[in-house]
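Chains, contacts and geometry: an overview
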Amino acid sequence: ISTNQNINPRKYYTKMQGTNYNQVIADLKDRKLPSVESVKATLAQAKDLIKKEPNVLKLEAPVVVIGNINGQLDDFIDILNKAGTPSADNRLLFLGDLVCRGKNSLETLLIALNLK
């Protein structure tokens, strides 16, 4: 991909279909893990969406940049509460390191994927 390629970020803002992502996020914030079927559906849909995206995006401001969460669910929830609900007009850019050392890596990853 050429870095000069003009990417419309709204083209890639799509909610996962067939998943009640608001309920999944609410449950995860309440420390309730979703069913195995729900996790598999989230992972499959996220994989399909991510495969369609280019690995370099040219985004217009404003964009909230989030990185190095490392599975710290409480910190992640605080950041999301301050950043606001993601939308085509309120873009969140995750730089990576969502999971690692924190004890809630699965929950953190699932919230991020459900926000996708």
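Below is a short write-up of the structure. Treat the numbers as computed from the prediction; the structure is a model and nothing was measured. (Residues numbered from 1 in each chain as written. Predicted model: local features only at pLDDT ≥ 70, side-chain atom pairs only at ≥ 80, totals over all residues. Heavy atoms only, no water.)

**Section: the environment of A83**
Our working rule: The helix count covers DSSP runs of H or I at least four residues long, the strand count covers runs of E at least two residues long, and both are numbered beginning at the N terminus. For every residue, the accessible area (1.4 Å probe, protein chains only) is compared with the maximum for its type, and the residue is labelled buried under 20%, exposed over 50%, or partly exposed between those bounds. Any two residues whose heavy atoms approach within 4.5 Å are treated as being in contact.
Positionally, A83 belongs in helix α3 (residues 73-83). Overall, A83 belongs to the buried group, its relative accessible area being 18%. In this structure, the C-alpha to C-alpha distance between A83 and V63, residues 20 residues apart in sequence, is 9.8 Å. Contacts of A83, omitting those with residues within four sequence positions, involve V64, N90 and L92.

**Notes on the pairing of strand β1 (residues 63-66)**
Let me state the cut-off plainly: Whether two strands pair comes down to DSSP finding at least two bridges between them. Looking down the strands as they point away from the viewer, one classifies a crossover as right-handed if the path from the first strand across the helix to the second runs clockwise.
Note: β1 against strand β2 (residues 91-94), 4 bridges, orientation parallel. By the bridge assignment for β2, V64 is matched with L92. With α3 bridging β1 and the parallel β2, this β-α-β connection has right-handed handedness.

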